[in-house]
Amino acid sequence: MPQNKAATLPNEPPKFNALNLPVHRASTIVFDTTEKFLSRKSQLFDGFSYGLYGTPTTRALEEQVAQIEGGLRSVLLPSGQAALTHGILALLEEGDHILVADCVYGPLREFCTHTLKRFGISASFFRADANSLSSLPSAMNAKTKMVVLESPGSFTMEIQEITDVCREAHSMGALVMLDNTWGFGNSKMFEHGVDIVATALSKYACGHSDVCMGAVTVSDDALYRKLKTFISGIGSGVSSDDAYLVSRGLSSLEVRLQEHARRGLEFTTWLRHRAEVKEVINAADPDDIRHARFSRYFSGGNGLISLILKTNNLVAISAMLDGFQHFKIGASWGGTASLVGLCDLSIVRTVEPQMPGTYIVRLHIGLEHRELLYADLEAGFIRLSEHS
Ligand SMILES: *Cc1c(COP(=O)(O)O)cnc(C)c1O
């Protein structure tokens, strides 16, 4: 009779010094003694007790992210959206109010207006642009426990007066969380008073469009413990394989960002000369009206450019986008590929209501041959004109 024996692994792994971070896959972590097993919860913040709560791979990535953000500790989450929502749920309670910049990432707006209501947390929105500070006092109340910023804002790239808003929010007893997806690698938001930085690592951090991940970062140990306790308690975590991919992406972050930024500026100038374009938005460009405020908070730009076209005719805009060969239609920018996205601002802005069908086009300038991208845009503008 053949014996059905499970294969066993050697007790001692061979000594092997690979250059790169090892990928530690784990659910089970074993303990030497009963005592250590029974007290394993004490490992939650700094050690290892269960795969979900941290492996050497995920802890190493958390350290890298905290360093890039200029914070003390980070906690990884399965997406940027999860980083935002877990940051809010970990720190707010029933009866609290959250005040959110009008320009935030669309799914976060939905979460705040719909899901938070079920938890007894009310949400309202305030001006995201240069006038954000003046609209703050009337928008806050005694129950406001968190203000959420996003600079530059999704699609429209508003930049809030981050330092002033933080001071005002703190004076009223509210924490400030900032979505730093755009500025990751080019900003140190804790220096401006932000308490929680939530970032989608799916974008430039990963850099290759093949991982969804996010992180919340704080500069205060008590806040870190509160976040980590909530996040482990609700059962959210990331795989070490995904953490490895993001860590690999980070090793080229600086050079990728520099090249995307260089191309971003070059394409911005080219797009400004197009007759079909009403406004080009790239806050990193010295000619952009947001640039002075931008320079106070960011040390560089990236490959994202928003376009307001002279036409809002969806048939014409669709003809432009549908025919692109290299600018693929899709969300989640920050990889090597050029992308184009379209947004109807009337759906995602409420403080300053927009007419239905107010479109904004967002380009992500990737790392393909630039001549191919220019030719693609040129042909797109011809299709736009033909269908207008
Ligand atoms: C993409 C994005 C997110 C969400 O990140 P996911 O990892 O896709 O969930 C959040 N905020 C901003 C500004 C983003 O661009």
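None of the values given here were measured: they were computed from a predicted structure. (Residues numbered from 1 in each chain as written. Predicted model: local features only at pLDDT ≥ 70, side-chain atom pairs only at ≥ 80, totals over all residues. Heavy atoms only, no water.)

Visitor: Any details on the pairing of strand β2 (residues 97–101)? Residues and values, ideally.
Guide: Judged by how many residues are buried, β2 sits mostly within the fold: five of five residues are covered. Residue alternation in β2 divides its side chains into two sets, His 97, Leu 99 and Ala 101 and Ile 98 and Val 100, and both sets are buried. As defined by bridge partners, β2 adjoins strand β3 (residues 122–126) across five bridges and the pair is classed as parallel. Across the sheet, the residue bridging to Leu 99 is Ser 124, located in β3. You can see the chain leave β2, run along helix α4 (residues 106–118) and come back into β3, and the turn it takes is right-handed. Pairing between β2 and strand β4 (residues 144–150): four bridges, direction parallel. Across the sheet, Ile 98 pairs through a bridge with Met 146, a residue of β4. (Buried < 20%, exposed > 50% of the residue type's maximum accessible area, 1.4 Å probe, protein only. Helix = DSSP H or I, 4+ residues; strand = E, 2+ residues; numbered from the N terminus. Pairing = 2+ DSSP bridges. Right-handed = clockwise from strand over helix to strand, strands pointing away.)

Visitor: Hey, could you go over the pairing of strand β9 (residues 304–309) for me, with residue numbers and the actual values?
Guide: Burial runs high along β9: five of the six residues are buried. Across four bridges, strand β8 (residues 277–281) lies against β9 in antiparallel orientation. Pairing of Ile 281 across the sheet is with Ser 306, part of β9. Pairing of β9 with strand β12 (residues 359–364), which is carried by four bridges, proceeds in the antiparallel orientation. By the bridge assignment for β12, Ser 306 is matched with Arg 362.

Visitor: Which residues make up the side chain of Ser 306, and what values do they have?
Guide: Here Ser 306 lies in strand β9. At 2.5 Å, the side chain of Ser 306 forms a polar contact with the backbone oxygen of Phe 155. Ignoring sequence-local partners within four residues, the contact set of Ser 306 consists of Phe 155, Met 157, Glu 279, Val 280, Ile 281, Ile 360, Val 361 and Arg 362. (Polar contact = N/O pair within 3.5 Å; in protein donor to acceptor, adjacent residues only side chain to side chain. Contact = heavy atoms within 4.5 Å.)

Visitor: If you had to explain the packing of aromatic side chains to someone new, which residues and values would you point to?
Guide: One pass over the structure, following the stated rule, counts eleven aromatic pairs. Residues Trp 182 and Phe 298 carry aromatic rings whose centres are separated by 5.6 Å and whose planes lie at 75° to one another, so their mutual orientation is edge-to-face. Taken together, the residues span a long stretch of sequence, with Trp 182 in the loop between β5 (175–179) and β6 (196–200) and Phe 298 in the loop between α10 (291–297) and β9 at a distance of 116 residues. With respect to class, Trp 182 is no different from Phe 298; both count as buried. Through successive ring pairs, a cluster of aromatic residues spans Phe 267, Trp 270, Tyr 374 and Phe 381. It is Arg 109 that lies over the ring of Phe 125; its NZ or CZ is 4.1 Å from the centre. Its end group placed over the ring of Phe 155, Arg 362 keeps NZ or CZ at 4.1 Å from the ring centre. (Phe/Tyr/Trp six-rings, centres within 6.5 Å; stacked < 30°, edge-to-face > 60°. Lys NZ or Arg CZ within 6 Å of the ring centre and 35° of its normal.)

Taken by themselves, the reported measurements are silent on function.
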